[in-house]
Amino acid sequence: MKLLNWRLTGLLGLMAGSALLFLTACQQGANSQPVAVAFQTETSLQDIMRFIIDTNADEVWNAFSTVVTAEEEIEKSPQSDEEWAAVRRSALTLAEASNLLLIPGRKIAHAGESTSSHPVELEPEGIAREISQNRAAFQAYANALHEASLEIVAAVDKRDHEAILRLGGKLDHVCESCHARFWYPGERIPEFPRLKAIEHQALKQQGGQ
Ligand code: HEC
């Protein structure tokens, strides 16, 4: 009897608890205020680029290649289940790392760190300004990284060498697009000198007619 009572009390307690949880959930739904999540943001965007995104992208890129020589076409791809699993892990890490880029309050670089080794590359303040003024575009590039990485995971599951090579190119394009937009937005591709000379020649001929 004593045991039954204890069980009954426990059950009632559980029911009350569930009702409370249900009410809390309803309240949250009703006022639709975003729940405050306490993210820890000691790691900088630069850390994530260097030590998570770049390293894992290299793992994916380096695992696959097709080398065409005069005699033969040599395809390099993972050889064992462990090697395939390693590529899958890297692609999945890349996908999830895209979300890390979107965590609010993250600094671009630690104090004293530069992000500019070339004059066209912005320093952290400039990058932070670009991102805060164009948050939707930044998010779109992060989402594109997510999508391309998950496509690689799916292709790895099918062990589809061709698709992975193609998606490796797509991944590279995503990296490059975000960098061109937020890291070196002022970059101008210099005109190819020979094209310039041809254009000049054509203009001269036109002028002479
Ligand atoms: C959503 C935008 C975005 C995407 C996508 C992105 N990056 Fe970046 N990346 C940045 C920004 C902004 C910087 C400049 C700040 C910095 O130097 O870390 C940067 C810098 C870097 C750096 C230089 C880090 C350093 O030493 O300062 C590397 C390497 C890099 N990214 C690799 C990659 C690779 C590889 C990919 C794709 C697999 C990628 N990034 C995708 C935004 C992005």
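Above this text sits the structure in question.
Let me sum up the structure you'll find in this document. What you are looking at is a predicted structure, and each value in this text was computed from that prediction instead of being measured.

1. Thoughts on the overall build of the chain
Link 1 in the chain: Tallying secondary structure elements over the chain gives seven helices and two strands in all.
Link 2 in the chain: Element order for the chain, N to C, with α for helix and β for strand: α-α-β-β-α-α-α-α-α.
Link 3 in the chain: Considering the chain as a whole, with its 209 residues, one finds that 14% of them fall into the buried category.
Link 4 in the chain: Counting only contacts in the chain whose residues sit at least 6 apart along the sequence, the fraction spanning at least 24 positions is 70%.

2. Remarks on the environment of Gly 169
Link 1 in the chain: Tracing the backbone through its elements, the reader meets Gly 169 in helix H6 (residues 161-182).
Link 2 in the chain: Judged by the 10 C-beta atoms lying within 10 Å of it, Gly 169 falls in the exposed class.

3. Description of the site of the ligand
Link 1 in the chain: Of all residues adjacent to the ligand, which total 22 residues, the nearest are Gln 46, Met 49, Thr 115, Cys 175 and Cys 178.
Link 2 in the chain: Put simply, the parts of the chain that give the shell around the ligand at least two residues each are helix H2 (45-63), helix H5 (135-157) and H6.
Link 3 in the chain: At seven residues, H2 tops the list of elements feeding residues into the shell around the ligand.
Link 4 in the chain: Classifying every residue of the shell around the ligand gives 17 nonpolar, three polar and two charged.

4. Quick word on unusual backbone geometry
Link 1 in the chain: The residue Arg 159 is not glycine, and still its phi comes out positive at about 50°.
Link 2 in the chain: Turning to its location among the elements, Arg 159 is positioned in the loop between H5 and H6.
Link 3 in the chain: According to the C-beta neighbour criterion, Arg 159 is exposed, with 11 such atoms within 10 Å.

5. Let's talk about H5
Link 1 in the chain: Look at H5: 33 Å from first C-alpha to last across 23 residues, which is about the 33 Å you get at 1.5 Å a residue.
Link 2 in the chain: Buried residues of H5: Tyr 141, Leu 145, Ala 148, Ser 149, Ile 152, Ala 155 and Val 156, and no others.
Link 3 in the chain: Buried positions along H5 lie against H2, helix H3 (81-100) and H6.
Link 4 in the chain: One or two positions beyond H5, positive phi appears at Arg 159, with a value near 50°.

6. Quick look at the packing of H3 against H5
Link 1 in the chain: Between H3 and H5, the shortest axis-to-axis distance is 7 Å and the interhelical angle comes to 160°. Classified by the angle their axes make, H3 and H5 are roughly antiparallel. In this structure, H3 crosses over H5, and the sense of that crossing is left-handed. Contacts between H3 and H5 involve Trp 84, Val 87, Arg 88, Ala 91, Leu 92, Leu 94, Ala 95 and Ser 98 on the former and, on the latter, Ala 142, Asn 143, Leu 145, His 146, Ser 149, Leu 150, Ile 152, Val 153 and Val 156.

Basis of the calculations
Residues numbered from 1 in each chain as written. Predicted model: local features only at pLDDT ≥ 70, side-chain atom pairs only at ≥ 80, totals over all residues. Helix = DSSP H or I, 4+ residues; strand = E, 2+ residues; numbered from the N terminus. Buried ≥ 20, exposed ≤ 12 C-beta atoms within 10 Å, placed from the backbone. Contact = placed C-beta atoms within 7 Å. Near = placed C-beta within 6 Å. Nonpolar A, V, L, I, M, F, W, Y, C, P; charged D, E, K, R; others polar. Expected span 1.5 Å × (residues − 1). Axes fitted to C-alpha atoms, helices over the stretch in contact; angles between N-to-C directions. Parallel < 35°, antiparallel > 145°, perpendicular 65-115°, else oblique. Left-handed = near helix turned anticlockwise from the far one by under 90°.

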